[in-house]
Amino acid sequence: MAKILLLNGPNLNLLGEREPDIYGKATLSDIEADVRKVVEQAGHALFSFQSNHEGQLVEWLQQNRDARFALVNAASLTHTSIALRDSLSLTKIPFIEVHLSNVYKREAFRHQSYLADIAVGVVAGLGAAGYSFAARYAVDHLAKD
Ligand code: DQA
């Protein structure tokens, strides 16, 4: 049994009510339940955390650095945070960068990611389903290990 992380950054606690035309109607609890199902059916354990504070995300990652895989939607911090990049880098946890929206169709400042080049892969624009697809990849990847 492996520990898999689901990490969500600023403003994702308001999914469902936050700009549903961009981010969809699913709440963070809906997304977490979908991911948990995939992870637990494969016999692994999901640890999930959301924060609006960069330092709390960094600390949580450090505390959970024994995890074997992570799904990370760092939200706006994707485009700004060297601290979060460094945490992901030092923990050496393989991770998938997830975005609900297709950030490449949006403002230019969202095209920059401090995480993508150290991620296993990036899923963007598939809405809440993107998290489930990423979770499916994570459990398949761990089965091959
Ligand atoms: C987001 C895209 C980011 O640019 C934005 O700041 C978010 C959400 C997404 O899931 O589409 O907060 O990560």
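All values reported here derive from a predicted model rather than from experimental measurement. Sequence order as written defines residue numbering, which begins from 1 separately in each chain. For this predicted model, a pLDDT threshold of at least 70 governs which residues receive local features, and a threshold of 80 or more governs which side-chain atom pairs are given and counted, while totals over whole chains, interfaces and linings are taken from all residues. With hydrogens and water set aside, each side-chain value is computed from the structure's full complement of heavy atoms.

> Residues and numbers for the site of the ligand, please.
Any residue with at least one heavy atom within 4 Å of a molecule or strand is counted as near it. Inspection of the region around the ligand gives Arg18, Tyr23, Asn73, Ala75, Ser76, His79, His99, Leu100, Ser101, Val103 and Arg110 as its neighbouring residues. Here a polar contact means two N or O atoms within 3.5 Å. Within protein one must be a hydrogen donor candidate and the other an acceptor candidate, and residues neighboring in sequence count only if both atoms are side-chain atoms. Asn73 has a polar side-chain atom sitting 2.8 Å from an oxygen atom of the ligand. Within the side chain of His99, a nitrogen or oxygen atom sits 2.8 Å from an oxygen atom of the ligand. Throughout, the Shrake-Rupley method with a 1.4 Å probe supplies accessible areas, and for residues the shown protein chains are the sole cover considered. For the ligand, whose unbound accessible area comes to 320 Å², protein coverage reaches 99%. Split by residue class, the shell around the ligand holds four nonpolar, five polar and two charged. Throughout, the ten residues Ala, Val, Leu, Ile, Met, Phe, Trp, Tyr, Cys and Pro are labelled nonpolar, Asp, Glu, Lys and Arg are labelled charged, and all others, Gly among them, are labelled polar.

> So what's going on with helix α3 (residues 54–63)? Which residues, and what values?
Only protein chains enter the accessibility calculation, which uses a 1.4 Å probe; a residue is then buried when its area is under 20% of its type maximum, exposed when over 50%, and partly exposed in between. Labels follow the DSSP assignment, with helices taken as runs of H or I lasting at least four residues and strands as runs of E lasting at least two, numbered in each case from the N terminus. Along α3, the residues classified as buried are Leu57, Val58, Trp60 and Leu61. Angularly, the buried residues of α3 cover 165 degrees about the axis, an arc narrow enough to put them on a single face. Any two residues whose heavy atoms approach within 4.5 Å are treated as being in contact. Close packing links the buried residues of α3 with β1 (3–8), β2 (45–50) and α4 (82–91). Here the arc refers to the directions that run from the helix axis out to each C-beta atom.

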